[in-house]
Structure formats: structure tokens, C-alpha cells
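Structural description and commentary
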Amino acid sequence: MRLWFAVYLKKNHLHLMFVLTLSKFVNMQKLFFIASFFVAAFQVKAQNADSIFIKKLADEILTNGKAYENLRHLTKQIGGRLAGSPGMVKSEQWGMIVMKESGAEKASMQQCMVPHWVRGGEDQASFNVQGKKVYEKLDVVALGNSIGTGKNGVTAEVIKVNSFDELEKRKDEVKGKIVFYNYKFNDTYINTFLAYRDASQYRGQGPSRAAKYGAKAVIVRSMSHAADNNPHTGATRYDSAYEKIPAVAIGLRDADKLSKEIEKSKVTVRMQTNGQFLPDTIGHNIIGELIGTEFPKEYITVGGHLDSWDNCEGAHDDGAGCVQTMEILRALKAIGYRPKHTIRFVLFANEENGLRGGNKYAEEAVAKNEKHLFAMESDAGGFTPRALGLSGSEEQFQKFLSWKPLIAPYGCTEFNKGGGGADIGPLSRALKTPTASLNPDSQRYFDIHHARSDVFEAVNKRELELGAVNMAALIYLVDKYGL
Ligand SMILES: [Zn+2]
């Protein structure tokens, strides 16, 4: 029984004293009943206080929110901001200014070396069907981190494969050709991130797996189910065992057209790309802090990544996560919240083609022996919030689940096992920090992901703000109750 009291009544010393005094006069059964009454009353009181606080936080974000206007500036005034680019430098300076404007008690730039890949010009491709005089244009974009074709380009016959299995079966036909991976985004997954994970291996490994059999270049079907023809870039990863060959992604309508032609006749593709790596350069994580009043040396991290691909404005990926992060800071400060733990608001560097920012953040945390209570990331677009995901112990998950009634009214009605983000992954692996993600509606994300259509206009103000509300509520609860 003593243990029971300790667990349930430790937060209310007066009630405990009262119950213990009573225990001299009543039997244990009655005591149990009385104690339960106080516990229940205490919990209801705490839940009411939490729901009132969260409502206040939500009202602040939904009426005075700056996330949307901040996103407008980031996308329209700065635009694409790939690691090493002038846009990266501008966005870091902007991030420092907005962090301070949002009320950061401390704002700093955490330096890290970042890769510096440049596209180097316009990517071009066209195809010719045997027997026809003309080449028809294809809408392509070189894959991030890929090498260019050189100024003469690459011209070769195309071999289409629908999967890696087919590549292996037809490996003897590959030499000297351009391999076209026509692997389809799986429409049957309701969570489109599963389709992305499944298909993106063709972008990541495709070029080296084709180079292994002597291919001259690679074309990858875009990882999308969009109805338009915009090609979607993203990083490729060369295997150092094989020659590095040029690689482009192709829009879906063109992919279908090319596929049909190849089935009928011999098709030649001409492509020219100009990608190259320049020496690594200096980038920064931008970190704002609200200092903890009780545990200033214990950290809660919330963030998104500041870099984006160069062929778009990076509005959903991940401008949205960045402005939501700073909105949570602004709103907590605006309503006068003083956190128990130090909350760090982080705009991570170089998620797209290196993850150096996330790695640096974890390295510093380990080197300084920091205690990290929790980390959360928004990197799935600024769409209507639907779910929160948590990676942690079963006990942590149960605690997280108990907060669902407080957060669900704002949109996240699903609380799932498994959550985090690329940038907070290294921290989680290094320090076993529990991590969470905001999982908004995923149906439209891969229509625009890494494509020229990822622009400010594709983001809805209300949806963006609601994402920030759900995140802010979880951050508040973790700060108040721990995890
Ligand atoms: Zn992203």
C-alpha cells in the first residue's frame, strides 16, 4: 500500500497527509476508496488545467500565428536552399532573425561542414524512336549528388526494367545502354510514405546497380503518384565499387510515354546534365532556446530542416517544419509559458543530401554529455495534422497515449508507435532519446515532394498552423510531465 500511495499521490502531498491521518480512524477498504477519490479529483483538475492551457496555445497560433508569413518570406524571398548554396547562407541569417523575433532567450549557429553539390545548369533529355527523324523532349531533373554527363552529353539506347529483379535477369543486355527504371509508386499504400520508402531505393541504389553491369546512365521514374509531369529529384548514393554514372528522374507522363515506345521499338535517349561536387563548405544548424526554469540542463528538441532541393521553393519540404518550429517558440513565449526543461528549436542543416546537421547536433550532445529528454520533428509537409508517432519504450508510449484526449481535438486523432525524423535520428541512436513526428495527411505530399511544384502556394495557412498546434501541445505535455 505504501508503494501505491507513493506512486499515485506523490504529486499532492497535502492529500497524502490527509489520507494518512484518516487512516488511523478507518479501515483499509475505506481508505482505498477515499484515496481513489482524491486521485481521480486530482487527475481531472490537472486535465482541465492542461486542456485550458492547450486551448490558449492553440488560440494564440490560430489567431496571431506568424508561420505562414514566415514561410512566404523563406520561399519567395530566399527560395531553394541546398547545402552550400547562396540560398543556404541567406536562410541561415533569416533563421537567426526569426528565432530572435519569436522570443528565443538564446539563439546560436552550430557550425558543421556540409557537402556542396551543384546542378551546374539545366538538365536536358530527349528521345528518338528508331526510324523517326526527330528527338522529342523529356521532362527530367538530375538526381542530387549525381555527376554530370559532360558537355557532349550521353546518347545511348535505352533498356527499360520494371524492378531490380528484372535488371538482374537482363544484366547481360545492359552494357553501353541507359537503364530506365520504371518502378511504379505503389498506389495501394494508404500511407504514402510506405510507397516512397519502397520506390526510393531505385533513386538511391539504381545508378550504381546499373553501372555494375556497364550502363552509361540511368533514368528513374519519379517517386510520385502525381497526375502532372513534373520530375522529382532527391539524393542518389553511389557505391564506390562501381563507376559513377549520370542519373536523372523523369516526370510520370513522360515515363509512361517512354515506356510505351520502348515496348514497340528501339529507343535512343540523349541527355545532358552538369552536376558536380565542389569542396565541402560551412553550414549551420540554427538553434533557438527557451531556458528551463527547473531543469535547464535537460533538453527537449523540436525542429525541421532548413535546406531544400534547388529545383523548388521547399515549402512543404521542409519550410513548413521550420516555420512550425519557430511558431511553437513564438506562441509559448507570447502566452508567457516558462518551461521546466530547456526547449531547443532547431532548423537543421543539410538533411537532403548529407544529414550533416543532424549528425553534428548529436555529436555535440554526446561531447557535452547533455541529457536529452525528448526530440520531435516535422518533416512530412504542412498538411492537415492527422497523427503523432512516438519511438520509445512501452512505458513512454503509454504515457504518450494518455495525452490523446487532450490533443485529438486539434487534429491528431491517431497516436502511433514509431516516430521521429531524419534529423533527430542520430540523436536518438546516440543517446536513446525518445523521438516523435508530426504525421499530417500524406495524400498530396508526394505530388510535390522534391519537384518544382513544392511552392508556397501549395501550403494552406490553416493546415500549417494546426500542425504547429498539435506539436506545441505535445511539447508542453512532455515538458510538464516528462516522458
Ligand atoms: Zn524533408
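Residues numbered from 1 in each chain as written. Predicted model: local features only at pLDDT ≥ 70, side-chain atom pairs only at ≥ 80, totals over all residues. Heavy atoms only, no water.

**What about the pattern of salt bridges?**
On inspection of all chains with the given rule, the structure shows 31 salt bridges. A salt bridge links Lys264 to Glu261; the shortest N-O distance between them is 3.9 Å. Taken together, the residues Lys264 and Glu261, both in helix α9 (residues 252–264) and three residues apart, mark about one turn of the helix. The exposure class of Lys264 is exposed, given its relative accessible area of 63%. What makes Glu261 buried here is its relative accessible area of 15%. Here Glu364 ties to Lys360 by a salt bridge, and the two come within 3.5 Å at their closest N and O atoms. In this pair, Glu364 and Lys360 are both assigned in helix α11 (residues 356–367), four residues apart and thus about one turn of the helix distant. (Salt bridge = Lys/Arg side-chain N within 4 Å of Asp/Glu carboxyl O. Helix = DSSP H or I, 4+ residues; strand = E, 2+ residues; numbered from the N terminus. Buried < 20%, exposed > 50% of the residue type's maximum accessible area, 1.4 Å probe, protein only.)

**What to know about the domain arrangement of the protein**
The domains assigned to the protein are domain 1 (54–116 + 278–481) and domain 2 (120–274). Spacing between the C-alpha centres of domain 1 and domain 2 amounts to 33 Å. Facing 16 residues of domain 1, the contacting portion of domain 2 comprises 22 residues. Linking domain 1 to domain 2 there are one salt bridge. The salt bridge involving Arg452 is made with Asp139; its shortest N-O contact spans 2.9 Å. Seen at the junction of domain 1 and domain 2, the total is nine residue pairs in polar contact (both at pLDDT 80 or more). In terms of residue class, the side of domain 1 that touches domain 2 is made up of six nonpolar, seven polar and three charged. (Domains from an automatic or database assignment. Contact = heavy atoms within 4.5 Å. Polar contact = N/O pair within 3.5 Å; in protein donor to acceptor, adjacent residues only side chain to side chain. Nonpolar A, V, L, I, M, F, W, Y, C, P; charged D, E, K, R; others polar.)

**Overview of the environment of Cys312**
Here Cys312 is to be found in the loop between β11 (295–305) and α10 (315–334). Measuring from C-alpha to C-alpha, the distance between Cys312 and Arg81 comes to 9.0 Å, with 231 residues separating the pair along the chain. Those residues in contact with Cys312, other than ones at most four positions away along the chain, are Gly79, Gly80, Ala451, Arg452 and Asp454.

**What about the pairing of strand β12 (residues 341–348)?**
By the criterion of burial, β12 is predominantly enclosed, with eight of the eight residues buried. Alignment of strand β10 (residues 276–290) against β12, held across five bridges, turns out to be antiparallel. Note on β12: the bridge partner recorded for Leu290 is Ile343. In terms of strand pairing, β11 meets β12 through eight bridges, oriented parallel. Bridge assignment links Gly303 to a residue of β12, and that residue is Val346. Taken together, β11, α10 and β12 form a β-α-β motif whose crossover is right-handed. (Pairing = 2+ DSSP bridges. Right-handed = clockwise from strand over helix to strand, strands pointing away.)

**Here we look at the packing of α10 against helix α16 (residues 461–481)**
Where α10 contacts α16, the axes come no closer than 9 Å and their chain directions differ by 55 degrees. Our classification of the angle between α10 and α16 gives oblique. Two packed elements cross with a definite hand, and for α10 against α16 that hand is right-handed. Of the residues in α16, those touching α10 at Ala320, Val323, Gln324, Glu327 and Ile328 are Leu464, Gly467, Ala468, Met471 and Ala472. A per-class count over the contact of α10 with α16 returns seven nonpolar, two polar and one charged. (Axes fitted to C-alpha atoms, helices over the stretch in contact; angles between N-to-C directions. Parallel < 35°, antiparallel > 145°, perpendicular 65-115°, else oblique. Left-handed = near helix turned anticlockwise from the far one by under 90°.)

**Points about the sheet that holds β12**
Read from one edge of the open sheet, eight strands run β1-β10-β12-β11-β13-β16-β14-β15, paired in mixed fashion. Each edge of the open sheet carries a strand with a single partner, namely β1 (106–118) and β15 (414–417). When strand polarity is set aside, the average angle formed by the axes of neighbouring strands in this sheet is 20 degrees.

**Let's talk about the side chain of Asn285**
Within the element layout of this structure, Asn285 appears in strand β10. A polar atom in the side chain of Asn285 sits 2.9 Å from the backbone nitrogen of Ala349. Setting aside chain neighbours within four positions, we find Asn285 in contact with Ser108, Met109, Gln110, Val346, Leu347, Phe348, Ala349, Gly357, Lys360 and Tyr361.

**Section: the coordination of the zinc ion**
Around the zinc ion, the protein supplies His305 (NE2), Asp317 (OD), Asp379 (OD) and Asp379 (OD) as donor atoms, at distances of 1.9 to 2.7 Å. For the zinc ion, the four donor atoms in the first shell make angles of 51 to 146 degrees at the metal, so the coordination geometry reads as irregular. If you list the donors of the zinc ion from N- to C-terminus, the spacing comes out as H-x11-D-x61-D. Taken together, the residues span a long stretch of sequence, with His305 in strand β11 and Asp379 in the loop between β13 (371–377) and β14 (385–391) at a distance of 74 residues. Residues His305 and Asp379 agree in their burial class; the two are buried. (Donors = N, O, S within 2.8 Å, 3.2 Å for Na, K, Ca; no water. Tetrahedral: all angles 85-135°; square planar, octahedral: opposite > 155°, others 65-115°.)

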